[in-house]
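# Architecture and fold: a report
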Amino acid sequence: MNQITTQKPHDLLAATLSSEMDAVNTLIQTRMASKHAPRIPEVTAHLVEAGGKRLRPMLTLAAARLCGYEGAHHVKLAATVEFIHTATLLHDDVVDESGQRRGRPTANLLWDNKSSVLVGDYLFSRSFQLMVETGSLRVLDILANASATIAEGEVLQMTAASNLSTDEAVYLQVVRGKTAALFSAATEVGGVIAEAPADQIKALYDYGDALGIAFQIADDLLDYQGDSNTTGKNVGDDFRERKLTLPVIKAVAQATEEERRFWQRTIEKGQQAEGDLEQALALMAKYGTLEATRQDALHWAETATKALTALPDHPIRKMLHDLADYVVSRLN
């Protein structure tokens, strides 16, 4: 089997878009510089250089190329998307009081919360400068709305995360805010800058939205049944952090009075003892919520691939199809 066919979809996409991604990385390095505040590039470089797949900016480049774009503004938009993503990570780590991201200490741990918040604000400002440079009010509208939706989703998650009344509809709203909004904006602006037909732009939005939802549901499921060496998280971290994700929401919805008291103690009140994680897993197994969550992730991945049928026949379309499949292949 040759090397190309064994590459993961995001690696193949990265290889295909390598010259454009190089341009994005150069632009990021240039725009995260600060003449007057050297801490800004220090903090930003720590997070930017920590790795990560750069999936969101790749989606913008892929969408633009898929729609036949031959200009240079898609590079600015891809950098914009990455700046928005990085800014939200800096803010999230402060809100979540995180000490580690991608296997490295977080910026708020190495510097302080003030630096993380202010540098995140700086990156948001830089992202809006880049948007304006494209000269497209529609692009500005899409990315500005996405930024607001992300913030709204984070606030909603903060109020809903440990509240047992949180149902699947609220969970989906949170996921659409904190994850899918930037995926769908990333793909949509690629089509807009290429001046693609309305049906293709809608298809790109639908693909990004469904891909983001599948991505987050898969991530939440892997917290309970993933391999720590692969995910970089310990099994049950979300339970210990009292996060109501889909597997637990489904279990709570079917719980007996006694089981509900267990969830109230461990999730709402945070009074956890040895053996509670095992009990939580047993309750999820009792009601089949891990498998039900897996089916939901598969549904959204299929929704993403169906959206692609409205797009031009192109090698990148196949890569995007494979990417949606790969997001949920980790769950098999």
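Residues numbered from 1 in each chain as written. Predicted model: local features only at pLDDT ≥ 70, side-chain atom pairs only at ≥ 80, totals over all residues. Heavy atoms only, no water.

## Details of the side chain of glutamine 216
- Within the secondary structure, glutamine 216 is located in helix α11 (residues 198–225).
- A polar contact is formed between the side chain of glutamine 216 and the side chain of threonine 179, at a distance of 2.7 Å.
- The contacts of glutamine 216, once residues within four sequence positions are left out, are Tyr171, Val175, Lys178 and Thr179. (Helix = DSSP H or I, 4+ residues; strand = E, 2+ residues; numbered from the N terminus. Polar contact = N/O pair within 3.5 Å; in protein donor to acceptor, adjacent residues only side chain to side chain. Contact = heavy atoms within 4.5 Å.)

## What about unusual backbone geometry?
- A positive phi angle is found at glutamate 195, which is not glycine, with a value near 55°.
- With respect to the helices and strands, glutamate 195 occurs in the loop between α10 (168–193) and α11.
- You can call glutamate 195 exposed: its relative accessible area is 71%. (Buried < 20%, exposed > 50% of the residue type's maximum accessible area, 1.4 Å probe, protein only.)

## Looking at the nonpolar core
- If you look at the biggest cluster of nonpolar residues, it comprises 97 residues, and the most contacted ones within it are Leu59, Leu143, Tyr207, Leu211, Trp263 and Leu320.
- With 13 residues, α11 is the single largest residue contributor to this core.
- Excluding residues within four positions of it along the chain, leucine 320 makes contact with Leu13, Leu59, Ala62, Leu66, Tyr207 and Leu308. (Core = buried A, V, L, I, M, F, W, Y, C linked by side-chain atoms within 4.5 Å.)

## What to know about the packing of aromatic side chains
- The tally for this structure, following the rule as stated, stands at three aromatic pairs.
- Aromatic side chains phenylalanine 183 and phenylalanine 215 sit 5.5 Å apart centroid to centroid with 45° between the ring planes, which places their arrangement in the tilted category. You can see phenylalanine 183 sitting in helix α10 and its partner phenylalanine 215 sitting in helix α11, a full 32 residues away along the chain.
- Judged by its relative accessible area of 0%, phenylalanine 183 is buried.
- Residue phenylalanine 215 is classed as partly exposed on the basis of its relative accessible area, which comes to 24%.
- The ring of phenylalanine 215 carries the charged tip of arginine 330 above its face, separated from the ring centre by 5.9 Å. (Phe/Tyr/Trp six-rings, centres within 6.5 Å; stacked < 30°, edge-to-face > 60°. Lys NZ or Arg CZ within 6 Å of the ring centre and 35° of its normal.)

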